[in-house]
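The lines below spell out each chain.
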Amino acid sequence: MTATTAGTAASPPAHGDLTALDALALSAAIRDGAVSCREVMQEFLARIDRLNPHVNAIIALRDEGELLAEAGERDRMLRRGECLGRLHGLPHAVKDLCDVAGLATTTPIRPPVPSSNPRPSGRSSEVCD
């Protein structure tokens with residue numbers, strides 16, 4: 001299964017690769033209890049371990065134990081009837097150009113450069129807000 005349409009029940013793909021599901025299908029599978037947040041995190045971490053040495057897409061990865069503990073907490077939240085929305089339990093990576101506590105930032109800090117095309121807020125254009 002590589003895609004679903006709105007309102008279609010989601011299930012893990014026949015070949016078992018949860019990382020092949022699109023976000024809507026994966027979200028529905030988590031919400032419907034077909035897979036746990038912890039299972040999803042384990043599969044994404046395994047994919048990162050398998051592919052990242054070849055592509056170096058993720059330069060700073062949080063501790064696997066911390067990530068699995070957070071996924072476990074997301075599962076407990078669902079069992080209590082609590083949901084953080086459609087992205088509940090979906091792993092995501094933060095681009096290393098923005099400051100995130102505990103992770104490396106690879107862009108040099110530089111003062112904002114005034115833009116000739118200001119944003120609606122009137123602030124100058126910056127790399128990260």
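This text gives an overview of the structure that appears in the document. Just so it is clear, the structure is predicted and the values come from calculations on it, not from any experiment. (Residues numbered from 1 in each chain as written. Predicted model: local features only at pLDDT ≥ 70, side-chain atom pairs only at ≥ 80, totals over all residues. Heavy atoms only, no water.)

## Focus on the packing of helix α2 (residues 37-55) against helix α3 (residues 64-79)
Interaxial distance between α2 and α3 falls to 7 Å at its minimum, and their mutual angle equals 155°. Taken together, the axes of α2 and α3 are roughly antiparallel relative to one another. Judged by the sense of rotation from one axis to the other, the crossing of α2 with α3 is right-handed. Contacts from Cys 37, Arg 38, Met 41, Gln 42 and Leu 45 of α2 reach α3 at Glu 64, Leu 67, Leu 68, Ala 69, Ala 71, Arg 74, Asp 75 and Leu 78. When grouped by side-chain class, the residues that make up the contact of α2 with α3 number 8 nonpolar, 1 polar and 4 charged. (Axes fitted to C-alpha atoms, helices over the stretch in contact; angles between N-to-C directions. Helix = DSSP H or I, 4+ residues; strand = E, 2+ residues; numbered from the N terminus. Parallel < 35°, antiparallel > 145°, perpendicular 65-115°, else oblique. Left-handed = near helix turned anticlockwise from the far one by under 90°. Contact = heavy atoms within 4.5 Å. Nonpolar A, V, L, I, M, F, W, Y, C, P; charged D, E, K, R; others polar.)

## Details of the nonpolar core
Ranked by size, the top nonpolar core spans 15 residues in total, and within it Leu 18, Leu 26, Ile 30, Val 35, Val 40 and Met 41 carry the most contacts. At the level of elements, α1 (23-31), α2 and α3 are the ones that each hand at least two residues to this core. (Core = buried A, V, L, I, M, F, W, Y, C linked by side-chain atoms within 4.5 Å. Buried < 20%, exposed > 50% of the residue type's maximum accessible area, 1.4 Å probe, protein only.)

## Considering α1
When α1 is considered as a whole, its buried residues turn out to be Ala 25, Leu 26, Ser 27, Ala 28, Ala 29 and Ile 30. At the N-terminal boundary of α1, the capping side chain belongs to Asp 22, with an oxygen 3.2 Å from the backbone nitrogen of Leu 24. Remark: Gly 33 follows α1 within two positions and exhibits a positive phi of approximately 85°. (Polar contact = N/O pair within 3.5 Å; in protein donor to acceptor, adjacent residues only side chain to side chain.)

## Things to note about the environment of Ala 69
Summarising the element assignment, Ala 69 is placed in helix α3. Separated by 31 residues in the primary sequence, Ala 69 and Arg 38 place their C-alpha atoms 8.1 Å from one another.

## Some remarks on the state of the cysteines
Summed over the entire model, instances satisfying the criterion amount to 0 disulfides. Not part of a disulfide, Cys 83 finds its nearest cysteine sulfur in Cys 37, a span of 8.7 Å. (Disulfide = S-S within 2.5 Å.)

Purely spatial values, then, with no claim about function.
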